[in-house]
Amino acid sequence: MKAISVLKKIITFYYYFAILGFLFLTIGFPIIYSIKKNKVSLGEPIELNFMDMKIDCSEMNLGAFITVIFIGAIILFQFLKGIHLFKKSINDLSNGNYFSELVITNFKKIGQCFLIFGFGQWLFKIVAQLIFANDLNLGIDNTLFLSSIFGLFFLFLSEAFAKARETKKENDLTI
């Protein structure tokens, strides 16, 4: 059980660290953008490194910039929600409730969140490339690949734990 306690600590640390990053995205980026927009002379680019791509924000007004940040925040929120559900599931698993309904439903939701996050970020990158760079580079990056693997794995775990729960119930009744 030492491994689950270490995992619980790591997930808790990562969850709170991710919340800080999310808050910086939703609050800090618009503030930095407005400060840079006021200080930078005309013609000088304002680049934003966001989701592993550079976006030139020099020609964007504040409304368009906040829209980009809002859509990115919705996508990242799915990842944060998945980590939060995993944190709740780890708490239940560390108490010995391996086949509880909470763990099964959370694993299913975690899988869905990771899939939405991966495909949402991939789609966001494609649309942003078309809008901001007038270029289309299709490819599969690590985020899409890994989030799809994790999403499908958690969906599988949900089904496996549900079957194990049913088997446990049947065994408890026959004894």
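Each remark here, short or long, concerns the structure printed above.
Residues numbered from 1 in each chain as written. Predicted model: local features only at pLDDT ≥ 70, side-chain atom pairs only at ≥ 80, totals over all residues. Heavy atoms only, no water.

Participant: Explanation requested: the overall build of the chain in the structure shown.
Facilitator: If you tally the helices and strands in the chain, you get four helices and two strands. Reading the chain from its N end, one meets helices and strands in the order α-β-β-α-α-α. Across the 175 residues that make up the chain, the buried fraction comes to 35%. Of all intrachain contacts in the chain linking residues separated by at least 6 positions in sequence, the fraction that spans at least 24 positions is 68%. (Helix = DSSP H or I, 4+ residues; strand = E, 2+ residues; numbered from the N terminus. Buried < 20%, exposed > 50% of the residue type's maximum accessible area, 1.4 Å probe, protein only. Contact = heavy atoms within 4.5 Å.)

Participant: Help me out: how do you make sense of the side chain of Lys87 in this one?
Facilitator: Positionally, Lys87 belongs in helix H2 (residues 62-94). No salt bridge is formed by the buried Lys87, whose closest oppositely charged neighbour, Asp92, lies at an N-O distance of 13 Å. If near-sequence neighbours (up to four positions away) are discounted, Lys87 is found in contact with Ile11, Thr12, Tyr15 and Tyr16. (Lys, Arg positive; Asp, Glu negative; His and termini not counted. Salt bridge = Lys/Arg side-chain N within 4 Å of Asp/Glu carboxyl O.)

Participant: What is the right way to read the environment of Lys109 from this model?
Facilitator: Mapped onto the elements, Lys109 comes out in helix H3 (residues 101-133). Overall, the relative accessible area of 42% leaves Lys109 in the partly exposed class. A C-alpha to C-alpha distance of 9.4 Å links Lys109 and Phe86, two positions 23 residues apart in sequence.

Participant: Please explain the pattern of salt bridges as it appears in this structure.
Facilitator: Tallied over the entire structure, the rule returns two salt bridges. One salt bridge connects Glu101 with Arg165, and the closest N-O pair in it is separated by 2.6 Å. In this pair, Glu101 sits in helix H3 while Arg165 sits in helix H4 (residues 142-174), placing the two residues 64 residues apart along the sequence. The shortest N-O distance in the salt bridge between Asp172 and Lys168 comes to 3.5 Å. Within this pair, Asp172 and its partner Lys168 are both found in helix H4, separated by four residues, close to a single helical turn. Judged by its relative accessible area of 48%, Asp172 falls in the partly exposed class. Look at Lys168 and you get partly exposed, because its relative accessible area is 42%.

Participant: So what exactly am I meant to see when it comes to the environment of Cys113 here?
Facilitator: Mapping Cys113 onto the fold places it in helix H3. Classification of Cys113 as buried rests on a relative accessible area of 4%. Cys113 sits 30 residues away from Ile83 along the chain, and the two C-alpha atoms are 9.1 Å apart. Not counting the four nearest positions on each side in its chain, Cys113 is found in contact with Gln78, Lys81 and Gly82.

Participant: Before we go on, may I ask you to explain the nonpolar core in this structure?
Facilitator: Side chains that are nonpolar tend, in soluble globular proteins, to be buried together. Within the largest apolar cluster, 16 residues are counted, with the highest numbers of intra-cluster contacts made by Phe86, Leu93, Phe107, Ile110, Phe154 and Phe161. Taken together, the elements giving at least two residues each to this core come down to helix H1 (2-39), H2, H3 and H4. Judged by nonpolar contacts, the second largest core, of 15 residues, contains Ala18, Phe29, Ile69 and Ile75. (Core = buried A, V, L, I, M, F, W, Y, C linked by side-chain atoms within 4.5 Å.)

Participant: Mind showing me how you'd approach a nonpolar patch on the surface here?
Facilitator: A grouping of Leu20, Leu23, Ile27, Ile31 and Ile35 is seen on the molecular surface, where their side chains present a nonpolar patch of about 470 Å² in accessible area. On the secondary structure map, Ile31 appears in helix H1. A relative accessible area of 46% means that Ile31 is categorised as partly exposed. (Patch = residues over 30% accessible without salt bridge, like charges linked within 9 Å, V, L, I, M, F, W, Y side chains within 5 Å. Areas by Shrake-Rupley, 256 points an atom, 1.4 Å probe, with all protein chains shown as cover.)

Participant: Any chance you could explain the side chain of Ser148 here in plain terms?
Facilitator: Within the element layout of this structure, Ser148 appears in helix H4. If we skip the residues at most four places from it in the chain, Ser148 touches Leu115 and Phe119.

Participant: Please clarify how the packing of aromatic side chains should be interpreted in this entry.
Facilitator: Remark: the centre distance and the inter-plane angle together describe each pair of aromatic rings, the angle taken between the planes. Going through the model one piece at a time under the given rule, you end up with 13 aromatic pairs. Summarising the aromatic geometry, the rings of Phe99 and Phe161 are spaced 5.6 Å apart at their centres and angled 65° between planes, so their arrangement reads as edge-to-face. Note that Phe99 is positioned in the loop between H2 and H3 and Phe161 in helix H4, a separation of 62 residues in sequence. A connected cluster of aromatic rings, assembled from ring pairs, spans Tyr14, Phe79, Phe86, Phe99, Phe107, Phe114, Phe117, Phe150, Phe153, Phe154 and Phe161. (Phe/Tyr/Trp six-rings, centres within 6.5 Å; stacked < 30°, edge-to-face > 60°.)

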